[in-house]
Structures are given as structure tokens and as C-alpha cells.
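# Fold and contact review
This is what each chain is made of:
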Amino acid sequence: MKIFQIINPKAGHGDAVNADINKESIIKYTTKSVGDAQRYVKECCLNYRGQLRFIVCGGDGTLNEVVNGIMSAEANDRAAFSVMPTGSGNDFVRAFKDKKGEHLIDLIKYNGRYAANMLNIGFDCDVVEKTSLYKNKKLISGSTAYILGVANVLFHKMGKNFKITVTDRMDRVKIYDNPVLLTAIGNLPYCGGGFKALPLAKANDGLLDLLIVSKISRAKFIALVGDYRKGTFMNANTCKPVDKFKNVIKYEKCKKIIIENTQTVCADGEVEAAESVTVEVIPNAIRYIN
């Protein structure tokens, strides 16, 4: 097996550089710019035959590029990835705490690209844009930077009009066309450095978890955000919202989602422009070695 170490020197506070693996058999590569990890991983997959493993030394954004490199080379049948979490959020690995070993996981396919963890649209996406102002500052953790980003966005207009078309697990189609605060679509529970936005999400159930939060006042948001962070807004036994969230959120598992009238989407912690988003799940798409 060929093993590659992908080092993002700008992830987190530069901790990836110090996470070097001192083994001569490992091929090491330090990324030079946004998109470079994807380019390099795709090139490796096309040039090397046999089993490959990519060790990501960076955060969720670097992981996203590695996954897209593997998938764009159509090498997911022989290429796996691992993560040494040195980013500001590290939400992907947070979901696999104490789950050592090899995992065959689903991927989120959206607009021709892939995400391993979560897509965020609306409030959370705006927060990620603001979080970038804080997360590279010394002594500010990923979670703290996210909280500062939330505070920043709270001072601006909240709520957007999206048309959300959902195909559920029974192939029934539903349309949501009301003002919403945020939408999260995911494969795993965490975003924003530990916010448990999708508490029922599982990495290999062949379904997308969808959260829609209705437009609410700032005061109500502040009153509810603690439960949102902890993931306690959902009852794990009934798979339904707890009483104080019943009129605020919709949560379901589904196969396909189309969201219209978007401006940006945040995929695994990285923001990109998108006028609309079509999202599907790719079951058992790739191997993650923890």
C-alpha cells in the first residue's frame, strides 16, 4: 500500500506542520494553495496502481479536498483516508471518537462535488464566513471562533427565502417554501467546532439528515441556541423534536434535496458560491480509517 501524508500548513494555527509522521515509507506533500490537495490526490490516484491511503494533516476543508481528489479519480474502490486533526473545527473526526478501525461511509454529492460531513445554508453558512475573521487568531479555538461568528451574524438581518424540495426515504416529494433561518444537510452530526446540528446522523445509513430551522427572533434564537449546540433539541428515542422546538424545526432523513434561491453553501466548513444546490447521498462511497 502506498501511503501519502497531506500537510496543510495553514490549517488551524499551523499545527499540521508539527504533525509530521517520521516514516521513510510515507510520501509527504505540503499543500501550497486552496485546491492543491485535491489536485495532488487525484494525480496520485491516477499515477499509482494498487491500494492507496491518504493521511490528512489539516482540518475539515483539507479532508474535503482529499475526498474530492479520490472521487474525481474514481479511485474510491482502492483509496482510503485517515485524519490527524489539526484544523480549527475538526468536526468530521469528532463523530468517530472511540470508534477505531476501518469505516465504509456514505458521501454527500452536491452540484458535482462531494462532502464527507455536512452542508450548511443560511445562518450557519453566514457564520462560517464571519468565523474566518477569528479562527486564525492565536489563542482562539475553533469553537470560540464559531461563537464569535454567531454573535457577529446576530447583528445583521436574519432569515432567507429558500424553496426546498425533499425526496424522502419512501420516494415521496415534499416542498418547503417558507422563510427559514438555516438549513443543514449532513452525513455526520457536528459542525462549527462541536455544534451538534444533526444529532441523529449516521455515517453509513444511506440517507441524508435534513434540518430546517424556521425564521425566528434574535431573542428566541438566543434562548434556544444552547440546545442546538448540544443536539438536545431532538428526542433520540422518538426521533422527533422536543416540545419547545416543535414549531421551530423540521428534521427528517431523506434521499435527495434541492434548494433554490441560495447564494452560498458551506461544505465541510468551506464556503462557495451556489445559486441552487442539488444534494444526493452516495451510500458506502469511501473508506475512512480511524
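Only a predicted model underlies this, so the values are computations on that prediction, with no experimental measurement involved. (Residues numbered from 1 in each chain as written. Predicted model: local features only at pLDDT ≥ 70, side-chain atom pairs only at ≥ 80, totals over all residues. Heavy atoms only, no water.)

### Quick notes on the pattern of salt bridges
The test is simple: Salt bridge criterion: a side-chain nitrogen from Lys or Arg within 4 Å of a carboxyl oxygen from Asp or Glu. With a 1.4 Å probe rolled over the protein chains alone, any residue whose accessible area is under 20% of its type maximum counts as buried; one over 50% counts as exposed, and the rest are partly exposed. Under the DSSP-based scheme used, a helix requires at least four consecutive residues in state H or I and a strand at least two consecutive residues in state E, with every element numbered from the N terminus.
Tallied over the entire structure, the rule returns 12 salt bridges. Arg172 is paired through a salt bridge with Asp168; the nearest N and O atoms lie 2.8 Å apart. On the basis of relative accessibility, which here comes to 2%, the residue Asp168 falls in the buried class. Residue Lys253 pairs with Asp209 through a salt bridge whose shortest N-O separation is 2.6 Å. With Lys253 in strand S17 (residues 249-260) and Asp209 in strand S14 (residues 208-214), the pair connects residues that are 44 residues apart, well separated along the chain. Asp209 carries the same exposure label as Lys253, and that label is buried. One connected set of salt bridges, linked through shared partners, spans Asp36, Arg39 and Glu43.

### Comments concerning the pairing of strand S11 (residues 179-186)
What counts is decided by this rule: Following DSSP output, two strands are said to pair if at least two bridges run between them.
The element S11 is extensively covered by neighbouring structure, given that 7 of its 8 residues are classed as buried. Bridging between strand S7 (residues 118-122) and S11 involves 5 bridges; their strand directions are antiparallel. If you follow Met118 over to S11, its bridge partner there is Gly186. Relative to S11, strand S8 (residues 160-161) runs antiparallel, the two sharing 2 bridges. Its bridge partner being in S11, Asn161 is matched across the sheet by Pro179. The sheet contact formed by S11 and S14 spans 6 bridges and is antiparallel. Bridging from a neighbouring strand, Ile185 pairs with Leu210 of S14.

### Remarks on helix H1 (residues 36-47)
The α-helix winds at 3.6 residues per turn, so residues separated by three or four positions along the chain end up facing the same way. Put simply, the rule reads: A helix is expected to span 1.5 Å multiplied by its residue count minus one. Here the arc refers to the directions that run from the helix axis out to each C-beta atom. Throughout, a residue-residue contact means that at least one pair of heavy atoms, one from each residue, lies within 4.5 Å.
The terminal C-alpha atoms of H1, which comprises 12 residues, lie 16 Å apart, in line with the 16 Å expected from a rise of 1.5 Å per residue. Taken as a whole, H1 has its buried residues at Asp36, Ala37, Tyr40, Val41, Cys44 and Cys45. End-on, the buried residues of H1 take up no more than an arc of 165°, which puts them together on one face. For H1, the elements touching its buried residues are strand S1 (2-7), strand S2 (27-30), strand S3 (52-58), helix H2 (60-72) and strand S4 (79-85).

### So, unusual backbone geometry
Even without a glycine there, the phi angle at Glu74 is positive, about 55°. Structurally, Glu74 is set in the loop between H2 and S4. Even without being a glycine, Asn90 presents a positive backbone phi close to 55°. Its location among the elements puts Asn90 in the loop between S4 and helix H3 (91-94).

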